[in-house]
Amino acid sequence: MNGMPGRPDPAFSRRTLIGAGIGAAVLAAGGVGSANASDSAPASAAASGSTRTPAQHRAVAFLAAATDAYPDHGPIRLAQSYADQAGLFSTAFTYDNALAILALLAVRTADARRRAVSLGDALLYAQTHDPVHADGRLRQGYNVGPYTFYDGSRQPDGFVRADGTVNVGSQFGFTGTAVGDMAWAGIALGALARRTGERRFLRGAVRIGEWVERNGRTDEPLGGYKFGVDGGDQKLPFTSTEHNTDLVCLFGRLARLTGDRVWWERRVRAREFVLKMWEPDRGFFYTGTNDGVTINTSPIPEDTQTWTHLALDSRAHARSLDWAARELAVLDHAERRNSTVPAGQSYDGVTFSSASLLADEDAPIADSQPKPDRNGVWFEGTAHLALALRARHGRGDEAHARRLIDSIERAQELLGGAQTVGGRALPARAGVVSASSPLDTGFGFGYYPYRHVGATAWYLMAAKRFNPLRVGAGG
């Protein structure tokens, strides 16, 4: 896939493919349903602390269902990232599973902790049972259950194959290793190490950090850590603000957990790259660089505004939240041209990037995909923003965060009805869809109204006021 000028090649975005020679993932729109009004109570207000609201309870039930989708394929399991209707079959993304671990730790119940430990052990298993590599890497995605691919070929295995190796997601090309995915896995394992005291999780997190140091560190003028490797183990040339933000947390956490000051030096390197991406006149962070020399100035993504605040907690850069809340704000409703929101409903939040607001509403997002809604709400990013506003705790931030969380809870209540994982019906009104309507990210892929582990996990963390990018989180 060819890249567009001024930004990293979309084929290598964290949420798209970093395999070798494979086309874009299939995430066709559809599957949007509305709950019968007589069967559903109003969405609950967000809450924090040890009390779990009904909406939070249903979100946890979705994470459990996504993890247990293939009970006949062994006890070592990762969660399927999207409902079956998304067309990615049994794909389990490393990033989504790291988020699920962190969200389950935020819930603070014995069952949630048990599930978090189980997912952490599955990531450790993947790290030590890769079919090709023995260097501590994790792949972008794995298959966790059997299915028949679009060309009629069968994929018969679960997460663990008969020979004991893990089932890498090769059908869609999810075979590469991105620094951001690795960082999130390391953050999750570090949180487990801190919560449980189990050394195996710390060892796994350290292996991830060392892999990033060996494969990502660059001495290019802008510095920082580069993107990772593709499925052929070739290093990718891009450097991402998002990835280096993740590393600020990972390296800081490893410094505290190990007592080894080398991690502080590595954290400083990642942080310095992030700060070089700051646009002081307009108050936002750029997305990164293609070549290590020139900063990409467009598009501007949402997560580089919210994650930077969660990781840096910097007053000098807190305006990035105002930029995201103002410049990426959207309101989706049935009267929108390409909206798939049912009549009588509306959702507010933020979209993925500045380019999402300029998407061509006459053209499909990708081949065989629907046309985008410029006002489609990206619920994962909306949850990032809600959590970051709560962390900033400025005037009006809590009220704004609560409005965003209410919108997410309405989406969980009313969107994505009759969806399944592993062919099994999901619990009623459980799991947040990734987007209210099809939206074009501007990075070569889209989000659609399918229940999603990542969006659900971020919702839980926002509702519980759990900042996963704070160095001390997880205790």
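Residues numbered from 1 in each chain as written. Predicted model: local features only at pLDDT ≥ 70, side-chain atom pairs only at ≥ 80, totals over all residues. Heavy atoms only, no water.

Caption draft 1: How the structure looks around the nonpolar core. Counting residues in hydrophobic clusters, the biggest one holds 120 residues, and the most contacted among them are Leu78, Trp184, Leu247, Phe379, Trp458 and Tyr459. Apart from the residues within four sequence positions on either side, Leu247 is in contact with Val179, Ala183, Val212, Tyr225, Gly252 and Ala270. Counting residues in hydrophobic clusters, the runner-up holds 19 residues, among them Phe149, Phe174, Trp378 and Phe443. (Core = buried A, V, L, I, M, F, W, Y, C linked by side-chain atoms within 4.5 Å. Buried < 20%, exposed > 50% of the residue type's maximum accessible area, 1.4 Å probe, protein only. Contact = heavy atoms within 4.5 Å.)

Caption draft 2: The packing of aromatic side chains, seen in detail. Counting across every chain of the model gives 27 aromatic pairs. When the ring of Phe89 is compared with that of Tyr147, the centres are 4.5 Å apart and the planes differ by 5°; the resulting orientation is stacked. Of the two residues, Phe89 sits in the loop between helix H1 (54-67) and strand E1 (91-93) while Tyr147 sits in strand E3 (residues 147-148), which places them 58 residues apart along the sequence. For the pair Phe89 and Tyr147, one class covers both residues: buried. (Phe/Tyr/Trp six-rings, centres within 6.5 Å; stacked < 30°, edge-to-face > 60°. Helix = DSSP H or I, 4+ residues; strand = E, 2+ residues; numbered from the N terminus.)

Caption draft 3: Just empty space enclosed by the protein, in detail. Under the defined criterion, the tally for this structure stands at 3 cavities of 30 Å³ or more. Considering only enclosed or pocket space, the second largest cavity measures out at about 50 Å³ in volume. For the second largest cavity, the full set of lining residues is Thr67, Tyr70, His73, Gly74, Ile76, Arg77, Leu78, Val144, Gly158 and Phe159. (1 Å grid on protein atoms, 1.4 Å probe; cavity = no way out; pocket = protein on both sides within 12 Å on 5 of 7 lines; lining within 4 Å. Points joined across faces, edges and corners; volume = space filled by probe spheres on them.)

Caption draft 4: Local environment of the pairing of strand E12 (residues 329-333). Covered by surrounding structure in E12 are Val330 and Asp332 only, the residues Ala329, Leu331 and His333 on the alternate face being uncovered. Note: E12 against strand E13 (residues 346-350), 5 bridges, orientation antiparallel. By the bridge assignment, His333 is partnered in E13 with Ser346. (Pairing = 2+ DSSP bridges.)

Caption draft 5: A look at the environment of Thr128. One can find Thr128 in helix H3 (residues 110-128). Taking the C-alpha atoms as reference, Thr128 lies 8.7 Å from Thr165; in sequence the two are 37 residues apart. Only 3.0 Å separates the side chain of Thr128 from the backbone oxygen of Leu124, close enough to count as a polar contact. Polar side-chain contacts of Thr128 include one of 2.9 Å to the side chain of His129. (Polar contact = N/O pair within 3.5 Å; in protein donor to acceptor, adjacent residues only side chain to side chain.)

Nothing here speaks to function; it is geometry throughout.
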